[in-house]
There are 2 protein chains.
Amino acid sequence: MSPTTHGTSAARPGRTPTPAGPAEARTLIRDGDAGPTTGRAPGYTQANLVSVPRDWAYDVLLFCQRNPKPCPVLDVTDPGETSTVLAPGADLRTDLPAYRVWEHGELVEEPADVTGRWRKDLVTFLIGCSFTFEWALADAGVPLRHIEQGRNVAMYVTDRRCRPAGAMHGPMVVSMRPVPQESVATAVRVTGRMPAVHGAPVHTGDPSLLGIADIDEPDFGDRTAMLPGDVPVFWACGVTPQAAVMASRPPFAITHAPGRMFITDVRDEEYLVA
Amino acid sequence: MSPTTHGTSAARPGRTPTPAGPAEARTLIRDGDAGPTTGRAPGYTQANLVSVPRDWAYDVLLFCQRNPKPCPVLDVTDPGETSTVLAPGADLRTDLPAYRVWEHGELVEEPADVTGRWRKDLVTFLIGCSFTFEWALADAGVPLRHIEQGRNVAMYVTDRRCRPAGAMHGPMVVSMRPVPQESVATAVRVTGRMPAVHGAPVHTGDPSLLGIADIDEPDFGDRTAMLPGDVPVFWACGVTPQAAVMASRPPFAITHAPGRMFITDVRDEEYLVA
């Protein structure tokens with residue numbers, strides 16, 4: 001399978017999210033549904049996946065510790081493990097809609113299953129995802145434009161550098177959601193209570209302050225149309241470690257494809273603070 | 001210097017805490033003040049210290065990630081580093097009141113300065129400390145009995161096992177503060193907003209539910225007298241990684257002595273959520 005640039009092939013406008021439990025959602029995915037996971041398994045935490053060889057694991061873990069807003073670690077497996085405490089029945093090699101396989105920082109493959117690429121020395125990091133707080137936003141009356149428009153969320157590489165750790169370095173990546181200006185404060189307050197899934201926005205308003213030249217050209221995911229009165233609101237994004245993998249060039253790595261997350265059995269409330 | 005069992009020699013009842021800024025507090029300590037740091041540098045975050053050789057650092061970092069309530073990591077240094085982003089002017093080898101030096105899990109020395117024991121491969125972990133939230137408790141009107149009584153906080157080894165990571169394993173250690181029953185809910189609410197410094201209590205009430213046989217016999221620190229109507233309230237404690245070092249027996253390690261913390265330049269509010 002050839003890699004797609006923005007990973008959006010199965011995320012066309014018009015797709016209706018199907019609410020389901022996490023196990024049911026993973027079964028659909030394992031059976032071939034390769035679309036983005038935004039809007040699926042309401043109320044359950046979704047996670048970014050990064051698998052690296054054991055001798056890179058310390059640098060990745062330290063990179064996450066030093067950059068907790070974009071890289072909040074929810075679980076780290078032992079080497080070679082194919083399951084996680086976050087969803088004991090799930091298989092990390094098959095239960096994501098699409099993966100990316102990296103060699104020396106180059107994307108070499110974007111398969112729906114990485115069983116054939118798995119290695120006994122792979123340590124898997126599961127990192128909090130902003131899809132988790134979308135239910136909290138919706139409950140608070142904040143509209144989710146990308147879901148209304150049937151699209152993957154828009155993600156951008158910023159000019160902010162993460163604090164490096166050993167061989168791992170790279171820029172912060174953000175997700176953007178258009179928020180009606182009268183709801184911006186609510187969006188900040190609601191997500192600020194969920195630091196394990198990126199927490200409060202890193203920026204609201206002018207994209208150029210993050211070094212984003214054109215809001216209509218996301219680096220990952222789909223363009224989301226802004227409605228009149230909408231303000232772009234930016235959250236630190238779990239694609240950040242993937243960008244660091246690209247920049248830091250470990251000999252081998254597997255990640256999720258942007259927007260194609262791992263759906264866990266953990267309720268969002270578990271990550272709520274205060 | 002011979003190790004002391006509970007590390008309380010300079011923490012006699014009657015000692016009056018001297019409020020001061022963090023740099024001033026560290027200077028007093030560097031110049032020989034070996035007492036506990038509870039009550040010092042009001043409003044500034046205090047940290048537990050654990051230094052291990054680089055080849056143990058991954059297991060320690062993963063142990064912390066898997067046990068975030070007792071082991072909230074505030075910073076991890078590069079190997080051999082003697083300073084931290086948490087207090088750029090401070091020296092990690094001299095600026096704590098007392099250290100413990102461990103060989104194969106055995107306490108071999110309790111010096112006031114570890115410059116002579118430092119190694120180029122030591123990675124230092126600074127871990128959140130409940131002393132940080134004591135100011136928030138005091139501000140909310142919750143009395144702090146151990147400070148009123150001029151004592152180090154009481155700490156206990158529990159029968160709860162931490163989730164192991166590689167070679168690192170051990171029990172959860174807790175600190176205990178007597179709280180008037182009418183203030184227990186306030187104490188839970190206030191500290192729940194500070195997950196980086198242990199967050200909400202792990203237990204309130206009967207100590208036997210944590211496997212603590214005798215509340216008057218703490219494993220570290222000093223006995224704190226309960227007043228009529230007080231309830232014992234237990235928070236996960238940053239001595240937990242020290243207990244894991246004892247149990248897991250790395251060839252070499254340095255920790256702070258219980259109650260003798262590293263005082264950082266970071267304001268407590270930085271660790272406040274929501």
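Residues numbered from 1 in each chain as written. Chains lettered and ligands numbered in written order. Predicted model: local features only at pLDDT ≥ 70, side-chain atom pairs only at ≥ 80, totals over all residues. Heavy atoms only, no water.

A. Summary view of the overall build of chain A. When its secondary structure is counted, chain A shows six helices and eleven strands. Taking 274 residues into account, the globule formula puts the C-alpha radius of gyration at 19 Å, and chain A, at 17 Å, falls close to it. Taken over the C-alpha atoms alone, chain A extends approximately 50 × 40 × 40 Å along its principal axes. Counting over 274 residues, chain A shows a buried share of 59%. Contacts spanning at least 24 positions in sequence make up 80% of the contacts within chain A whose residues lie at least 6 apart. Side chains of chain A carry 25 positive and 32 negative charges; the gap between the two charge centres is 2 Å. (Helix = DSSP H or I, 4+ residues; strand = E, 2+ residues; numbered from the N terminus. Rg over C-alpha atoms; globule rule 2.2 N^0.38 Å. Buried < 20%, exposed > 50% of the residue type's maximum accessible area, 1.4 Å probe, protein only. Contact = heavy atoms within 4.5 Å. Lys, Arg positive; Asp, Glu negative; His and termini not counted. Charge placed at Lys NZ, Arg CZ, Asp CG, Glu CD.)

B. Structural view of the domain arrangement of chain A. All names here are of chain A. Looking at the assigned domains, one finds that chain A contains domain 1 (22-27 + 41-129 + 241-271) and domain 2 (132-236). Inter-centroid distance (C-alpha atoms) of domain 1 to domain 2 is 21 Å. Listed per partner, the contact involves 31 residues of domain 1 and 29 residues of domain 2. Regarding the contact of domain 1 and domain 2, the summed buried area is about 2400 Å², with carbon and sulfur atoms giving 64% of it. When contributions to the side of domain 1 that touches domain 2 are tallied by element, the ones reaching two or more residues are β1 (44-53), α2 (54-66) and α6 (240-248). Broken down by class, the residue content of the side of domain 1 that touches domain 2 amounts to 17 nonpolar, eight polar and six charged. (Domains from an automatic or database assignment. Buried area = accessible area lost by both parts, 1.4 Å probe. Nonpolar A, V, L, I, M, F, W, Y, C, P; charged D, E, K, R; others polar.)

C. Representation of helix α1 (residues 22-30) of chain A. All names here are of chain A. Within α1, the full set of buried residues consists of Pro22, Ala25, Arg26 and Ile29. All buried residues of α1 fall inside an arc of 95° around its axis, so they share one side. Buried residues in α1 make contact with β1 and β11 (262-267). Following α1 by one or two positions, Gly32 has its phi on the positive side, about 125°. (Arc of directions from axis to C-beta.)

D. Structural context of the nonpolar core. Residues Phe125(A) and Phe125(B) are the most contacted members of the largest nonpolar core, which totals 66 residues. In contact with Phe125(B), other than residues within four places in its own chain, are Asn48(B), Leu49(B), Val50(B), Val52(B), Ala57(B), Val60(B), Leu61(B), Asp75(B) and Val76(B). (Core = buried A, V, L, I, M, F, W, Y, C linked by side-chain atoms within 4.5 Å.)

E. The arrangement of the interface of chain A and chain B in detail. Taken residue by residue, the interface counts 22 residues in chain A and 22 residues in chain B. Counting the contacts that link chain A with chain B gives four salt bridges. Across the salt bridge formed by Asp78(A) and Arg66(B), the nearest N and O atoms sit 3.2 Å from each other. The tally of links from chain A across to chain B stands at eight residue pairs in polar contact (both at pLDDT 80 or more). Elements with a contribution of two residues or more to the side of chain A that touches chain B: α2 and β2 (73-76) of chain A. Here the side of chain A that touches chain B takes eight residues from α2(A), the largest share from any one element. For the side of chain A that touches chain B, the residue count by class is twelve nonpolar, three polar and seven charged. (Salt bridge = Lys/Arg side-chain N within 4 Å of Asp/Glu carboxyl O. Polar contact = N/O pair within 3.5 Å; in protein donor to acceptor, adjacent residues only side chain to side chain.)

F. Region of the structure containing the environment of Pro53(A). Residues and elements named next belong to chain A. Along the polypeptide, Pro53 turns up in strand β1. It is 8.5 Å that separates the C-alpha atoms of Pro53 and Pro251, two residues lying 198 residues apart in sequence. Dropping the residues within four chain positions of it, Pro53 is found in contact with Arg119, Asp121, Leu122 and Phe252.

G. A look at the side chain of Asn152(B). Relative to the assigned elements, Asn152(B) resides in the loop between α4 (145-148) and β6 (154-161). At a separation of 3.3 Å, a polar atom in the side chain of Asn152(B) contacts the main-chain carbonyl oxygen of Pro258(B).

H. Spatial organisation of the packing of helix α3 (residues 131-139) of chain B against helix α5 (residues 184-192) of chain B. All names here are of chain B. With their axes 10 Å apart at the nearest point, α3 and α5 run at an angle of 130° to one another. Between α3 and α5, the interaxial angle falls into the category oblique. Crossing geometry of α3 relative to α5 is assigned as right-handed. Where α3 approaches α5, its residues Phe133, Ala136 and Leu137 are matched on the opposing element by Ala187, Val190 and Thr191. Split into classes, the residues belonging to the contact of α3 with α5 amount to five nonpolar, one polar and no charged. (Axes fitted to C-alpha atoms, helices over the stretch in contact; angles between N-to-C directions. Parallel < 35°, antiparallel > 145°, perpendicular 65-115°, else oblique. Left-handed = near helix turned anticlockwise from the far one by under 90°.)

I. Quick look at the packing of aromatic side chains. Evaluation of the coordinates by the stated rule reveals four aromatic pairs over all chains. Judged by centre distance (6.3 Å) and plane angle (70°), the rings of Tyr156(A) and Phe234(A) are edge-to-face. Linking Tyr156(A) in strand β6 (residues 154-161) with Phe234(A) in strand β9 (residues 230-236), this pair joins segments that are 78 residues apart in sequence. Across from the ring centre of Tyr44(B), 4.6 Å away, lies the NZ or CZ of Arg267(B), which sits over that ring. (Phe/Tyr/Trp six-rings, centres within 6.5 Å; stacked < 30°, edge-to-face > 60°. Lys NZ or Arg CZ within 6 Å of the ring centre and 35° of its normal.)

J. Inspection of the relation of the copies chain A and chain B at higher detail. Mapping chain A onto chain B is achieved by rotating through 180° and translating by 0.0 Å along the same axis, at an RMSD of 0.0 Å. The transformation just described matches what one would write down for a two-fold rotation axis. Within chain A, Tyr58(A) has its C-alpha nearest the rotation axis, a separation of 2.7 Å. Most of the interface of chain A is mirrored in chain B: 100% of its interface residues are interface residues there too. (Least-squares fit on C-alpha atoms with pLDDT ≥ 70 in both.)

K. Region of the structure containing the sheet that holds strand β7 (residues 171-180) of chain B. All names here are of chain B. As summarised here, the arrangement of the four strands in space is β6-β7-β9-β8, forming an open sheet in which the pairing is antiparallel. Edge strands, defined here as strands with exactly one partner in the open sheet, are β6 and β8 (203-204). Two strands pair when backbone bridges link them, and β7 and strand β9 (residues 230-236) are joined in this way by seven bridges, in the antiparallel orientation. Counted as the bridge partner of Met176 is Phe234 from β9. Packed on one face of the sheet, α3 meets β7 and β9 and runs near 20° to β7. (Pairing = 2+ DSSP bridges.)

L. Seen up close, the sheet that holds strand β8 (residues 203-204) of chain A. Residue and element names in this part refer to chain A. Spatial ordering of the open sheet is given by β6-β7-β9-β8, a layout of four strands whose pairing is antiparallel. Both edges of this open sheet fall to β6 and β8, since each of them pairs with a single strand only. Set on the sheet, helix α5 (residues 184-192) makes contact with β7 (171-180), β8 and β9; between it and β9 the angle comes to about 15°.

M. Fine view of α3(B). All names here are of chain B. Within the sequence span of α3, burial applies to Phe131, Thr132, Phe133, Glu134 and Leu137. Summarising the contacts, the buried residues of α3 are in contact with β1 (44-53), α4, β7, α5 and β9. Downstream of α3 by one or two residues, Gly141 has phi in the positive range, about 85°.

N. Structural detail: the environment of Val231(B). In this fold, Val231(B) is placed in strand β9. Those residues in contact with Val231(B), other than ones at most four positions away along the chain, are Arg177(B), Pro178(B), Val179(B), Gln181(B), Val184(B), Thr204(B), Gly205(B) and Met226(B).

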